[in-house]
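# Observations on the three-dimensional arrangement
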Amino acid sequence: MNELWVIVPAYNEEHGIAGTLSALAGQRDRDFTLLVVDNNSTDATVKVVRDFADTHPGLRVEVITELRKGTGAAADTGMRHAIAAGATRLARTDADCLPAPDWTARIRAAFDSGLRLISGQLIPRTDEGVRLRDRTIILVALEVASLFGKFRPGNRDPRYLGPYVMTPGCNMAITAELYEAAGGFPRTAIEELHEDRALVNAVRMLTTDYGLRRDVRVYGSNRRVRAWGVRKTLAWYADHRYKPELVDIR
């Protein structure tokens with residue numbers, strides 16, 4: 001039985017998920033179970049994952065399906081499946097992301113230091129044809145959003161035990177007991193709510209054992225920047241002020 005599980009929600013990621021799987025197979029600390037939650041894909045995502053698992057027998061891989069649309073729903077199903085299977089520590093990344101080679105090792109160290117919720121450092125990927133200028137703007141915007149989040153009215157409440165820490169869903173980890181106590185990710189679609197922000201604010205009502213660890217690094221996709229441009233992408237992440245017809249960019 002493995003205490004650490006890595007949860008990866010995926011929807012129609014046949015062309016990109018192999019990169020994520022390779023990054024996870026290349027972890028220095030491979031003492032974890034990888035759970036891919038297929039969010040009712042209509043392409044060959046599941047086949048790609050299973051084929052990858054067949055050719056990487058040293059990597060423990062499971063695949064389950066969540067029919068309800070949404071990263072929140074898929075991630076929550078994965079987290080609860082892992083807990084039911086005996087997981088005590090849960091990490092999440094997304095199917096268009098590349099965790100650094102020491103990602104799971106750094107997560108384990110952060111847990112061992114006493115943290116129960118770990119927020120990692122999100123860094124824009126450099127391999128998707130997006131200009132350096134645009135990647136830099138996104139990186140700076142992430143830092144500004146992290147700072148602004150501490151003063152944002154929606155993140156301020158006398159019931160909170162500690163300060164707001166921006167916690168990207170594609171680079172976070174949490175203990176199983178805290179995940180359940182906080183109610184887990186809201187089972188929502190990506191258009192409806194930023195489920196990662198909702199979870200961290202629920203955690204803040206329970207404990208101060210959470211924090212940012214910049215050495216827990218994940219390289220995130222810029223495909224929305226490529227499709228929408230920088231301004232619209234930033235507006236999308238700022239509470240969905242930009243509302244495109246197509247959200248699931250592939």
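Scroll up a little and you will see the structure.
Residues numbered from 1 in each chain as written. Predicted model: local features only at pLDDT ≥ 70, side-chain atom pairs only at ≥ 80, totals over all residues. Heavy atoms only, no water.

In this section: the packing of aromatic side chains. Both the distance between ring centres and the angle between the ring planes are used here to describe each pair of aromatic rings. With the rule as written, the count across this model stands at one aromatic pair. Measuring from centroid to centroid gives 5.8 Å for Tyr179 and Phe185, while their planes differ by 65°, and the two rings are edge-to-face. Overall, the relative accessible area of 0% leaves Tyr179 in the buried class. On the basis of relative accessible area, Phe185 is assigned to the buried category, the value being 2%. Above the ring of Phe185, the side-chain terminus of Arg92 is found at 5.0 Å from the ring centroid. One Lys or Arg, Arg204, reaches over the ring of Tyr160 and ends 3.8 Å from the middle of that ring. (Phe/Tyr/Trp six-rings, centres within 6.5 Å; stacked < 30°, edge-to-face > 60°. Buried < 20%, exposed > 50% of the residue type's maximum accessible area, 1.4 Å probe, protein only. Lys NZ or Arg CZ within 6 Å of the ring centre and 35° of its normal.)

Before going further, it helps to spend a moment on the pairing of strand S1 (residues 4–10). With seven of seven residues buried, S1 is to be regarded as a mostly interior element. Here S1 shows two buried faces, one formed by Leu4, Val6, Val8 and Ala10 and the other by Trp5, Ile7 and Pro9. Where S1 meets strand S4 (residues 89–92), four bridges bridge the pair, whose relative direction is parallel. Residue pairing for S4: Val6 is matched across the bridge by Ala91. For S1 and strand S2 (residues 33–38), the ladder comprises six bridges, and the chain directions are parallel. Looking at S2, one finds that Pro9 is bridged to Val37. In this view, the connection linking S1 to its parallel neighbour S2 by way of helix H1 (residues 17–25) has right-handed handedness. (Helix = DSSP H or I, 4+ residues; strand = E, 2+ residues; numbered from the N terminus. Pairing = 2+ DSSP bridges. Right-handed = clockwise from strand over helix to strand, strands pointing away.)

Moving on: the pairing of strand S3 (residues 60–65). As defined by bridge partners, S2 adjoins S3 across six bridges and the pair is classed as parallel. Within S3, the residue paired with Leu35 across the bridge is Glu62. Running through helix H2 (residues 45–55), the crossover from S2 to the neighbouring parallel element S3 is right-handed.

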